[in-house]
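Coordinate inspection notes
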Amino acid sequence: MTTTIIGFPRVGAHRELKFATEKFFRGEITADELRATGAELRADQWKLIKDAGIDQIPSGDFSFYDQTLDAAALFGLAPKRYRDLGLDSLETYFAQARGYQGNKGDVKALPMKKWFNTNYHYIEPEIEPSETIALTGTAPFDQYLEAKEIGIDTRPVIVGPFTLFQLAKKEDGVDEEAVLDQLAAAYGEFLERATEVGASWVQLDEPSLVVDLTDDDLARFTRLYEALLAHKGGLKVLVQTYFGDVRDSYTTLTSLPIDGIGLDFVEGRRSLELLREYGFPEDKVLYAGLVNGKNIWRNDFACTQELLSSIRGVTENVVLTTSCSLLHVPYTVAAETDLDPAYVAHLAFAVEKLGELVALSEGATDNGLGNRADVTNKAVQNRVAGIADSDYTRSPARDERDAIQRREFNLPPLPTTTIGSFPQTSDVKANRKAYKRGDITAEEYTEFNRKKIAECVAWQDKTGLDVIVHGEYERNDMVEYFGQHLDGFLFTRNGWVQSYGTRCVKPPLVWGDVSRPEAITVDWSSYAQSLTDKPVKGMLTGPVTILNWSFPREDITIKESILQIALAIRDEVLDLEKAGIRIIQVDEAALREKLPLRRSDWFSEYLDFAIPAFRLVHSGVAAETQIHTHMCYSQFTDILPAIDALDADVITFEASRSDLEILDALVECNFRTNIGPGVYDIHSPRVPSTTEIVAQIKRIAEKIDIAKLWVNPDCGLKTRGEKETRKSLENLVAAAQTAREELI
Ligand code: GLN
Ligand code: ZN
């Protein structure tokens, strides 16, 4: 049976692309050098996939920042404010991704959004009125030819027109009909040009087909494809879907003159049912996604072969593929030399998944794996079983607590704070590395971090922030750090997965039942509190985020795992409180991550246990203890009642990059939690001016009761540089002061 993949991790085995791109950002290498690194990585990757025995190899899954931005760029979709900077095409591209501040101008980055139900983030394209959409780029064709040069005939891949349209922000005044026509024509040109360079297949990724679609959405899809397919000639077109099933569009897809349909049989719960119910056209190829592109566990061959034979009961025209791009898993298990082979045996990363596809295509039915050792902890399971309904509710109720806390803390109106981390400068990283390597003692390691904490606290005190943080210098990552201090997790050495742009994360693996052997953060937080009279905010990661940013086990439910973690974090909250920490932030940055893509599944399959799990974490604290939480990327407008039901006292979130659209939604649903909408974007090195922040606060205060408002950046500062951070926070404090004077 023929094999293929949807896409491969593009950062390289050792994150070469990340490092090269960051060097380019710092001006240490030229654009040509960056391009050369890209070309080398692509060539290595094509060869690797070919050598693994995969039959059809994609190209164009490479990107310098994001594939959605690539598609926008390919069709000339760069908003005018970026084009007006007069930069070259690569710099214009990066200006949209990261913002630009330099001698040519000062422009914020485009919003960044979560890519469906993954921890990858894409840049939201923006369509302006009377924009001309046309094929202006050449990257997919250049890359096709590049591969051809080394003897590999690839299938160019780009984000499809429907997904591009659905994900793009349409500015007021945009004529959607005209945009659809232009898009169809532009993608038509893409097909023609792909044919000219010699491609025999192209792949259009349409993950937007797996969410709930309205009749209008479907009509748009049909309109786009009918028009663009008129340009296809002899070229074969694969429409690739992933992250779910296409229940709304299956019959539309099968009736269009496309040549291949890619369906996800892992997350697409109804995919098989759809095939059986409606059949599969004889003139099309089914790309069956059977190897999980998101998990890191070895494939259960017996189970997969059974599914495959059910599929072949409907059609024999099957190509074996992954459920989604392998972008979402680390590169190779081969780099995991520190892990016990008993664990490694159960793992498959991107490279190993290629091998699984080949083995499955050859009919393998047994992956040779026995049971997983040491997964059970009876005490933990009993504790979860013993959770009472009342454990999910904090008392007294919100309003009463709010009054008590206002007296307790006596903060000024518009209190200022940060989200937790301060810049992880090279000295911080060097200290951690030296400790890991055994070059310094635990005491030396701790001493250094305490010095950093002392500096950080003193600086915040002097700068005038109202609620202080310790800076999180001891943390490499907000999830990995907690995983390392909890039993039940495994860690990789090199298991990096791209999160956005050059940012990669290294998710821990949940291997067994989770418990907390001892207090984790109490020493750091109490030390920080000992240095100031202002309240120091304790800083924890919440159970949902810890699970969502780990690779979960699959032998127990997600709910069960989240509750186990919730109990561990609950113990930490109570220990912090006992140590005199009066404000505790429990980050749920990734709360939305595993929210089902279809609304009908939201509660029963997720929110009904995720929200109570958070409440379980904080329900044991006194009324005087203030619980904060934090969420990223503001795409939670539609689940605001659930967020309110977390029953936190204060929530901070990203708002600056999404132009505050969330505020109306907050008003509309009568949101009760106190809020700190981020007043500036920390995902870019740009320093916001005081005037700019004042304006932002005023805009927010127009909608939200000022008594409920906090002033803070929109996320943690760890990836930022020291200088820009200090300047930005000084401006933030000054802006809050001005706003107090002018608004109160
Ligand atoms: N407290 C974390 C930090 O500041 C939150 C990070 C996040 O939301 N991603 O780094
Ligand atoms: Zn955040």
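Residues numbered from 1 in each chain as written. Chains lettered and ligands numbered in written order. Predicted model: local features only at pLDDT ≥ 70, side-chain atom pairs only at ≥ 80, totals over all residues. Heavy atoms only, no water.

Going by the annotation in an unreviewed UniProt entry, the name recorded for the chain is 5-methyltetrahydropteroyltriglutamate--homocysteine methyltransferase, with Corynebacterium glucuronolyticum given as the source organism. Taken from UniProt, the Pathway (unreviewed entry) comment for the chain reads in full: "Amino-acid biosynthesis; L-methionine biosynthesis via de novo pathway; L-methionine from L-homocysteine (MetE route): step 1/1." (UniProt positions renumbered as here; feature names shortened; annotations may be inferred.)

1. Examining the site of ligand 1
As a structural note, the neighbourhood of ligand 1 is formed by Ile419, Gly420, Ser421, Glu472, Met478, Met539, Asp587, Ala589, His630, Cys632, Cys715 and Gly716. A distance of 2.7 Å separates an oxygen atom of ligand 1 from a polar side-chain atom of Ser421. Take Glu472: an N or O atom from its side chain is 2.9 Å from a nitrogen atom of ligand 1. Burial of ligand 1 by the protein chains amounts to 92% of its free accessible area of 300 Å². Residue composition of the shell around ligand 1, by class: six nonpolar, four polar and two charged. (Near = heavy atom within 4 Å. Polar contact = N/O pair within 3.5 Å; in protein donor to acceptor, adjacent residues only side chain to side chain. Areas by Shrake-Rupley, 256 points an atom, 1.4 Å probe, with all protein chains shown as cover. Nonpolar A, V, L, I, M, F, W, Y, C, P; charged D, E, K, R; others polar.)

2. Comments concerning the coordination of the zinc ion (ligand 2)
Each protein donor to the zinc ion (ligand 2) is listed here as His630 (NE2), Cys632 (SG) and Cys715 (SG); together their distances run 2.0 to 2.2 Å. Relative to the metal, the four donor atoms surrounding the zinc ion (ligand 2) lie at angles of 87 to 124 degrees, and the coordination shape comes out tetrahedral. When the donor residues of the zinc ion (ligand 2) are listed from N- to C-terminus, their spacing reads H-x1-C-x82-C. With His630 in strand S20 (residues 626-631) and Cys715 in the loop between helix H26 (690-703) and helix H27 (722-743), the pair connects residues that are 85 residues apart, well separated along the chain. Each member of the pair, His630 as well as Cys715, is classed as buried. (Donors = N, O, S within 2.8 Å, 3.2 Å for Na, K, Ca; no water. Tetrahedral: all angles 85-135°; square planar, octahedral: opposite > 155°, others 65-115°. Helix = DSSP H or I, 4+ residues; strand = E, 2+ residues; numbered from the N terminus. Buried < 20%, exposed > 50% of the residue type's maximum accessible area, 1.4 Å probe, protein only.)

3. Re the nonpolar core
Core analysis: the biggest nonpolar cluster contains 103 residues, and Phe75, Phe190 and Tyr225 have the highest contact counts within it. Ranked by the residues each element gives to this core, the list is headed by helix H8 (residues 176-197), at ten residues. Those residues in contact with Phe75, other than ones at most four positions away along the chain, are Thr132, Ile133, Ala134, Leu135, Thr136, Ile158, Leu164, Ala186, Tyr187 and Phe190. Core analysis: the second largest hydrophobic core is formed by 100 residues, Tyr392, Ile468, Val522 and Ile643 among them. (Core = buried A, V, L, I, M, F, W, Y, C linked by side-chain atoms within 4.5 Å. Contact = heavy atoms within 4.5 Å.)

4. Points about the packing of aromatic side chains
For the structure on display, the rule yields 25 aromatic pairs. A centroid spacing of 5.8 Å and a plane angle of 35 degrees characterise the contact between Phe116 and Phe243, whose relative ring orientation is tilted. Here the residue Phe116 occupies a position in the loop between strand S4 (112-114) and strand S5 (121-123), and Phe243 occupies one in the loop between strand S10 (236-240) and helix H10 (250-255), the gap between them amounting to 127 residues. A residue is classified by how much of its surface remains accessible, and Phe116, at 11% relative accessible area, is buried. Under the relative-accessibility criterion, Phe243 is labelled buried at 3%. With centroids separated by 5.4 Å and ring planes inclined at 85 degrees, the aromatic side chains of Phe636 and Phe653 adopt a geometry described as edge-to-face. Of this pair, Phe636 sits in the loop between S20 and helix H24 (640-644) while Phe653 sits in strand S21 (residues 650-653), placing them 17 residues apart in sequence. Judged by relative accessible area, which is 2%, Phe636 ranks as buried. Taking the relative accessible area as the measure of exposure, Phe653 reaches 1% and is therefore buried. (Phe/Tyr/Trp six-rings, centres within 6.5 Å; stacked < 30°, edge-to-face > 60°.)

5. Focus on the UniProt feature "binding site: Zn(2+)" (unreviewed entry) in the chain
UniProt's entry tags His630, Cys632, Glu654 and Cys715 with the feature "binding site: Zn(2+)" (unreviewed entry), counted in the numbering of this structure. A maximum C-alpha distance of 8.7 Å among these annotated residues, which run over 86 residues, shows that they cluster at one spot. You can see Glu654 is positioned in the loop between S21 and helix H25 (661-668). Take Glu654: its relative accessible area is 3%, and that puts it in the buried class.

6. Topic: the sheet that holds S10
Reading across from one edge, S1-S7-S9-S10-S11-S12-S13 is the order of the seven strands in this open sheet, with parallel pairing throughout. If you trace the sheet from one side to the other, it starts and ends with strand S1 (57-59) and strand S13 (318-322), each paired once. Direction aside, the axes of adjacent strands within the sheet are offset by 30 degrees on average. Pairing geometry for strand S12 (residues 285-291) and S13, over five bridges, is parallel. Along S13, the bridge assignment pairs Ala288 with Leu320. Together, S12 and S13 form the strand contacts of helix H12 (residues 301-312), whose direction differs from that of S12 by roughly 165 degrees. (Pairing = 2+ DSSP bridges. Axes fitted to C-alpha atoms, helices over the stretch in contact; angles between N-to-C directions.)

7. Notes on the packing of helix H15 (residues 378-385) against helix H22 (residues 558-578)
Where H15 meets H22, the closest approach of the two axes is 10 Å, and the angle between their N-to-C directions is 90 degrees. Here H15 is positioned roughly perpendicular relative to H22, judged by the angle of their axes. The segment H15 lies against H22, with Val380, Arg383 and Val384 engaging Glu560, Leu563, Gln564, Leu567 and Asp571. Here the residues of the contact of H15 with H22 sort into four nonpolar, one polar and three charged. (Parallel < 35°, antiparallel > 145°, perpendicular 65-115°, else oblique.)

8. Overview of helix H3 (residues 67-74)
Of all the eight residues making up H3, six are buried; the element is thus mostly covered by neighbouring parts of the structure. Among the residues of H3, Gln67, Thr68, Leu69, Ala71, Ala72 and Leu74 are the ones counted as buried. Buried residues belonging to H3 abut helix H5 (89-98), S5, helix H6 (139-149), strand S7 (154-159), helix H7 (161-167) and H8. For H3, the side-chain oxygen to backbone nitrogen distance between the N-cap and Thr68 is 3.3 Å, and the N-cap itself is Asp66. Directly beyond the C-terminal end of H3, a positive phi value near 70 degrees is found at Gly76.

9. Some words on the environment of Val497
Relative to the helices and strands, Val497 resides in strand S15 (residues 497-500). Considering only alpha carbons, one finds Val497 and Arg15, 482 residues apart in sequence, at a separation of 9.3 Å. Here Val497 is in contact with Leu327, His328, Val329, Pro330, Arg503, Cys504, Val505, Pro507 and Phe551, once residues within four sequence places are set aside.

10. A few points about the sheet that holds strand S22 (residues 674-677)
Read across the sheet, five strands follow the order S18-S19-S20-S21-S22 without closing on themselves; strand pairing throughout is parallel. Both outer strands of the open sheet, strand S18 (537-541) and S22, are each paired with one neighbouring strand and no more. Shown here is a sheet whose adjacent strand axes are inclined to one another by a mean of 20 degrees, direction ignored. Of the strand pairs in this sheet, S20 and S21 are connected by four bridges, and their pairing is parallel.

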